[in-house]
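# Inside the fold
Spelled out from the first residue to the last, the chains are:
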Amino acid sequence: MTANKPFIIAIDGPAASGKGTLARRLAEHYNFALLDTGALYRAVGWNVIRAGGDPENESDALKGTKILSEVNLNNPELRTEPIGAAASKVASMPAVRRTLVDFQRHFAHNPPTDKDGTILDGRDIGTVICPDAQVKIFITAEVETRAKRRFIEEYSEDGTAKEYSRILEDLKVRDERDMNRAASPLKKAENAHLINTTNSDIEAVFEAAVKFVSSKM
Ligand code: DC
């Protein structure tokens, strides 16, 4: 792992597929720096909503990109499904995506000196942001399974069937938008390793991923 060419792991997949958890576990395991690129789009969506704007309006969305550095990307409010939906809307605009490309690529290629590589997770990491990544993983699961996971995250034991149905619907709409937009749609890079997590717990997914990543080092 030389300073010129860091080891990059690109993880892509649909909403609530488990890519964030996998990325965090791998980052810890390999001592890699981690960037959750969805948080950048969520921060833009959150800025638009906070300002009373419309995430489907390009000028409102671009204003949201200008104050990105003011947002704490770890703010738990960013994690809710309404903010995910706003993120998906602003993310469909090429002008918004353009403002975030350099930041993501710079992060990928410049790990801090105490880190041994970088991991980025999102929708277009293996296809557009880091097509040169040494490891590409595409992680997915049935939409019902993903909705159940998101439901438990948001409501723990207190959710109702109505809330579950709403999350399921929201995820379907988000999948549709993220996969079918013209600008950098969610799709598996040809050389990405596919992991389906529908019937696997995080431990099994993590072990499979470590086996794959280690085989590429
Ligand atoms: O991964 P996430 O659910 O936090 O992402 C929120 C939204 O951001 C997602 O629905 C689409 C958008 N996104 C994107 O278009 N490209 C990325 N690299 C990451 C996220």
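In case you missed it, the structure is sitting above this.
These figures come from a predicted structure and were not determined experimentally.

## Structural notes on the pairing of strand 3 (residues 118-122)
A regular strand places its side chains so that they alternate between the two faces of the sheet. The buried count for strand 3 comes to five of five residues, which makes it a mostly enclosed element. The side-chain alternation of strand 3 yields two buried faces, one formed by Thr 118, Leu 120 and Gly 122 and the other by Ile 119 and Asp 121. Judged from the five bridges that link them, strand 1 (residues 8-12) and strand 3 form a sheet pairing that is parallel. When the bridges of strand 3 are listed, Ile 9 appears paired with Ile 119. Where strand 2 (residues 33-36) and strand 3 come together, four bridges link them in parallel fashion. Bridge assignment links Asp 36 to a residue of strand 3, and that residue is Asp 121.

## Observations regarding the pattern of salt bridges
In the structure shown here, the tally under the stated rule is eleven salt bridges. Two residues, Arg 79 and Asp 36, come together in a salt bridge whose shortest N-O distance is 3.4 Å. Here Arg 79 is found in the loop between helix 3 (58-66) and helix 4 (81-91), whereas its partner Asp 36 is found in strand 2, with 43 residues between them in sequence. We classify Arg 79 as partly exposed; its relative accessible area is 35%. Note on Asp 36: relative accessible area 26%, which makes it partly exposed. The salt bridge involving Glu 169 is made with Lys 172; its shortest N-O contact spans 4.0 Å. Of this pair, Glu 169 and Lys 172 both sit in helix 8 (residues 161-180), three residues apart, roughly one helical turn. Shared partners join several salt bridges into a network, and the residues in it are Glu 81, Arg 150, Glu 153 and Arg 174.

## Here's the deal with the site of the ligand
The immediate surroundings of the ligand are formed by 16 residues, with Arg 42, Arg 97, Arg 123, Arg 174 and Asp 178 found nearest. Arg 42 has a polar side-chain atom sitting 2.6 Å from an oxygen atom of the ligand. Between the ligand and the protein, one listed contact pairs an oxygen atom with a side-chain N or O atom of Arg 174 at 2.7 Å. In the complex, 98% of the free accessible area of the ligand, which totals 450 Å², lies under the protein chains. Contributions of two or more residues to the shell around the ligand are made by helix 2 (37-50), helix 4 and helix 8. No other element matches helix 2, which puts four residues into the shell around the ligand.

## A closer look at the packing of aromatic side chains
Counted according to the given criterion, the structure contains four aromatic pairs. On the numbers, 5.7 Å between centres and 45 degrees between planes, the contact of Phe 151 with Tyr 155 is tilted. Placement of the pair is Phe 151 and Tyr 155 together in helix 7 (residues 143-155), with a separation of four residues, close to one helical turn. Feature note: the residues Phe 7, Tyr 30 and Phe 32 constitute an aromatic cluster, connected by ring pairs.

## What to know about the packing of helix 4 against helix 8
Taken N-terminus to C-terminus, the directions of helix 4 and helix 8 make an angle of 15 degrees; their axes are 10 Å apart at the nearest point. In terms of their interaxial angle, helix 4 and helix 8 are classed as roughly parallel. Read as a crossing pair, helix 4 and helix 8 show a hand that is left-handed. Along the contact surface, helix 4 presents Glu 81, Gly 84, Ala 85, Ser 88 and Lys 89, while helix 8 presents Asp 170, Leu 171, Arg 174, Arg 177 and Asp 178. Grouping the constituent residues of the contact of helix 4 with helix 8 by class yields two nonpolar, two polar and six charged.

## A look at the sheet that holds strand 1
Taken together, the five strands give an open sheet; going across it, the order is 2-3-1-4-5, and neighbouring strands pair in parallel fashion. The open sheet has two edge strands with one neighbour each: strand 2 and strand 5 (193-196). With strand direction ignored, the average angle separating the axes of adjacent strands in the sheet is 20 degrees. Running over the sheet, helix 1 (residues 19-30) touches strand 1, strand 2, strand 3 and strand 4 (135-140) and is turned about 175 degrees from strand 3. Sitting on the sheet, helix 5 (residues 94-109) touches strand 1, strand 2 and strand 3, and the angle it makes with strand 3 is about 145 degrees.

Rules and cut-offs
Residues numbered from 1 in each chain as written. Predicted model: local features only at pLDDT ≥ 70, side-chain atom pairs only at ≥ 80, totals over all residues. Heavy atoms only, no water. Buried < 20%, exposed > 50% of the residue type's maximum accessible area, 1.4 Å probe, protein only. Helix = DSSP H or I, 4+ residues; strand = E, 2+ residues; numbered from the N terminus. Pairing = 2+ DSSP bridges. Salt bridge = Lys/Arg side-chain N within 4 Å of Asp/Glu carboxyl O. Near = heavy atom within 4 Å. Polar contact = N/O pair within 3.5 Å; in protein donor to acceptor, adjacent residues only side chain to side chain. Areas by Shrake-Rupley, 256 points an atom, 1.4 Å probe, with all protein chains shown as cover. Phe/Tyr/Trp six-rings, centres within 6.5 Å; stacked < 30°, edge-to-face > 60°. Axes fitted to C-alpha atoms, helices over the stretch in contact; angles between N-to-C directions. Parallel < 35°, antiparallel > 145°, perpendicular 65-115°, else oblique. Left-handed = near helix turned anticlockwise from the far one by under 90°. Contact = heavy atoms within 4.5 Å. Nonpolar A, V, L, I, M, F, W, Y, C, P; charged D, E, K, R; others polar.

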